[in-house]
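Structure at a glance
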Amino acid sequence: MTSVTATKRRTGQGAGRPPHRPPGRPVDHGAWFLVLPALIPILLLSVGPLLYGIALAFTDAQSGRTRATQWVGTLNFQDLLHDTLFWESFRIGLLWAVGVTVPQFLLALGLALLLDQKLRLRWLARALAIIPWAMPEVVVGIMWRLVYNPDAGILNETLRDLGLGDGRDWLTSLATALPAVILVGIWAGMPQTTVALLAGLQNTPRELHEAAALDGAGAWRRFRTVTWPALKPVALAITALNLIWNLNAFALVYVLTGGGPGGRTRLPMLFAYEEAFRYGQFGYAAAMGCVLVAVVSVLLAVHLVSRLRGDE
């Protein structure tokens, strides 16, 4: 009888809950060794440079200096508060981020609703819809520079053929540079939003749509009462991520305009890049980076708090 009871205890049978850990027994840290292969690259390539950049923001580090770098405290941040060029770039960055994110979401939502329908060659349409997402940003920028070319670009050639004028230099005009770049940003980022929304649509139970249709609900009412409530968490998440990604944009705008003309497309990341690698002001550029990190952190915190409240 005693041996049977001991066997049940060893196998976990006959007990309502597992036995308590003996006092003083060390915790098993073996799980950390499974996490280290993924944790070490994050620490080396993300956390380490971030901490170094924050420390650099409190120094007067410059390129080509012969004397040692000095600790200047918050002097770089004080100068940044009075730098009208930086705040102008920040304003342009907000215009870019909102101008890309909002139309991108609306167009992606319409495309996702279309691709969710039972259409012929739907698989081909879905494959073609993600092509811009598969292209590197540098390639996208070069391709659209050819489209906007004032002499032989397809856009100006089309306008000439339609008799709508001789065309213009879209990327060097003060009036059209930022809208032209925003259009490219919408085109390049729309596929990832479409894929996320399409995944959310496919997770919506079809029975709810069928029940609403039987009750006489039209297409708009079904979208408002069935589709959107199920899609709302995905929509909020992808919109928040798109806003943060667009606020940190660099490569696409750099290839298209380099921040010109006259700084009309100089996003904050472009401004920080110029200060660091064109003018050699590493400490000042690091302070700009810290401000951008703080803004992104606030956006992430707001998004996470809203998601937690929604889950509750």
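Conventions adopted
- For every chain, the first residue of the written sequence is number 1, and numbering continues from 1 onward in sequence order.
- In keeping with the model being predicted, local features are shown solely for residues with a pLDDT of at least 70 and side-chain atom pairs are shown and tallied solely at 80 or more, while totals for entire chains, interfaces and linings include all residues.
- Each side-chain value is worked out from all heavy atoms of the structure, with water and hydrogens disregarded.
- Think of it this way: any DSSP run of H or I at least four residues long counts as a helix, any run of E at least two long counts as a strand, and we number them from the N terminus.
- Categorising residues by exposure relies on relative accessible area from a 1.4 Å probe, with only protein chains included: less than 20% of the type maximum marks a residue as buried, more than 50% marks it as exposed, and the intermediate range marks it as partly exposed.
- Here, residues are in contact when the closest pair of their heavy atoms is within 4.5 Å.
- Note on areas: Shrake-Rupley, 1.4 Å probe, and residue coverage restricted to the protein chains presented here.
- Every case where a carboxyl oxygen of Asp or Glu lies within 4 Å of a side-chain nitrogen of Lys or Arg is listed as a salt bridge.
- Cavities and pockets are found on a 1 Å grid laid over the protein atoms alone: a cavity is a set of points where a 1.4 Å probe fits but cannot escape, a pocket is an open set with protein on both sides within 12 Å along at least five of seven lines, and a lining residue has an atom within 4 Å of such a point.
- Grid points are joined across faces, edges and corners, and a volume is the space filled by probe spheres set on the points.
- Classification used: nonpolar for Ala, Val, Leu, Ile, Met, Phe, Trp, Tyr, Cys and Pro, charged for Asp, Glu, Lys and Arg, polar for all others including Gly.
- Interaxial angles span 0 to 180 degrees and are taken between N-to-C directions of axes, which are lines fitted to C-alpha atoms, for helices over the stretch in contact.
- By definition in this entry, angles of less than 35 degrees are roughly parallel, angles greater than 145 are roughly antiparallel, angles of 65 to 115 are roughly perpendicular, and the rest are oblique.
- If you view the pair so one helix is near and one far, a crossing is left-handed when the near helix is turned anticlockwise from the far one by less than a right angle, and right-handed when it is turned clockwise.
- For the purposes of these results, a polar contact is taken to be a pair of N or O atoms within 3.5 Å, where, inside protein, one atom must be able to donate a hydrogen and its partner to accept one; residues adjacent in sequence count only when each atom of the pair is a side-chain atom.
- Each aromatic pair joins two rings of Phe, Tyr and Trp (for Trp, the six-membered one) with centres within 6.5 Å, and gets the label stacked for planes under 30 degrees apart, edge-to-face for over 60, and tilted for any other angle.
- Think of it as a cone above the ring: NZ of Lys or CZ of Arg counts as a charge over the ring if it is within 6 Å of the ring centre and within 35 degrees of the ring normal.

Another aspect to go through is the overall build of the protein chain. Per the secondary structure count, the protein chain includes 14 helices and zero strands. Looking at the protein chain as a whole, 33% of its 312 residues qualify as buried. Here the contacts in the protein chain between residues at least 6 apart in sequence split such that 65% fall between residues at least 24 apart. With the model as given, the accessible surface of the protein chain reaches about 19,800 Å², and the carbon-plus-sulfur share is 66%.

Side-chain pairing between opposite charges can occur once the charged atoms of the two side chains come close. Summed over all chains, the structure comprises four salt bridges. The residue E274 makes a salt bridge to R278 at a minimum N-O spacing of 3.9 Å. Residue classification places E274 among the buried positions, given a relative accessible area of 7%. Of the residues examined, R278 reaches a relative accessible area of 56% and is grouped as exposed. Salt bridges here are not isolated pairs; linked through shared partners, they connect R266, E274 and R278.

Looking now at the layout of surface pockets. By volume, the largest pocket is sized at about 510 Å³. As for the largest pocket, its lining consists of 21 residues, and the residues nearest its centre are P49, G53, A285, A286 and G289. Within the residue set of the lining of the largest pocket, elements represented by two or more residues are α2 (30-56), α13 (268-277) and α14 (282-311). For the lining of the largest pocket, the element with the highest residue contribution is α2, accounting for eight residues. Broken down by class, the residue content of the lining of the largest pocket amounts to 17 nonpolar, four polar and no charged.

Another aspect to go through is the packing of helix α4 (residues 84-115) against helix α9 (residues 177-202). Two measures define how a pair of helices packs: the angle their axes make with one another and the distance between the axes. Here α4 crosses α9 at 45°, and the two axes come no closer than 6 Å. Judged by the inter-axis angle, α4 sits oblique to α9. The hand of the α4/α9 crossing is right-handed. Residue composition of the contact of α4 with α9, grouped by class: 21 nonpolar, six polar and no charged.

Attention now goes to the environment of V100. Assignment of secondary structure puts V100 in helix α4. Classification of V100 by relative accessible area gives buried; the value is 0%. Linking V100 and L183, residues 83 residues apart in sequence, is a C-alpha distance of 7.4 Å. Once residues lying within four places of it in the same chain are set aside, the contact partners of V100 are I182, G185, I186 and N246.

This next bit is on the side chain of T194. The residue T194 is located in helix α9 in this model. We classify T194 as buried; its relative accessible area is 4%. Of the polar contacts made by the side chain of T194, one reaches the backbone oxygen of M190; its length is 2.9 Å. Filtering out sequence-adjacent residues up to four positions away, T194 remains in contact with A108, L111, A112 and L115.

As a further point, take unusual backbone geometry. Across the chain, the bulk of peptide bonds are trans and the bulk of non-glycine residues have phi less than zero. Residue P261 is bonded to the preceding G260 through a cis peptide linkage, with omega at -5°. Positionally, P261 belongs in the loop between α12 (251-256) and α13.

Glancing now at the side chain of T265. Tracing the backbone through its elements, the reader meets T265 in the loop between α12 and α13. There is a polar contact of 2.6 Å between the side chain of T265 and the side chain of T257. What T265 contacts, discounting residues up to four positions off in sequence, is I92, A177, L178, V181, V253, T257, G259, G260 and L270.

In this structure the tally under the stated criterion is 16 aromatic pairs. Between F58 and F77, the aromatic rings sit 5.3 Å apart at their centres with planes inclined by 45°, giving tilted as the arrangement. You can see F58 sitting in the loop between α2 and α3 (75-81) and its partner F77 sitting in helix α3, a full 19 residues away along the chain. Residue classification places F58 among the partly exposed positions, given a relative accessible area of 23%. By way of ring pairs, the aromatic residues F250, Y254, Y273, F277 and F282 are connected into one cluster. It is R266 that lies over the ring of F271; its NZ or CZ is 5.7 Å from the centre.

Worth remembering: the numbers are spatial, not functional.
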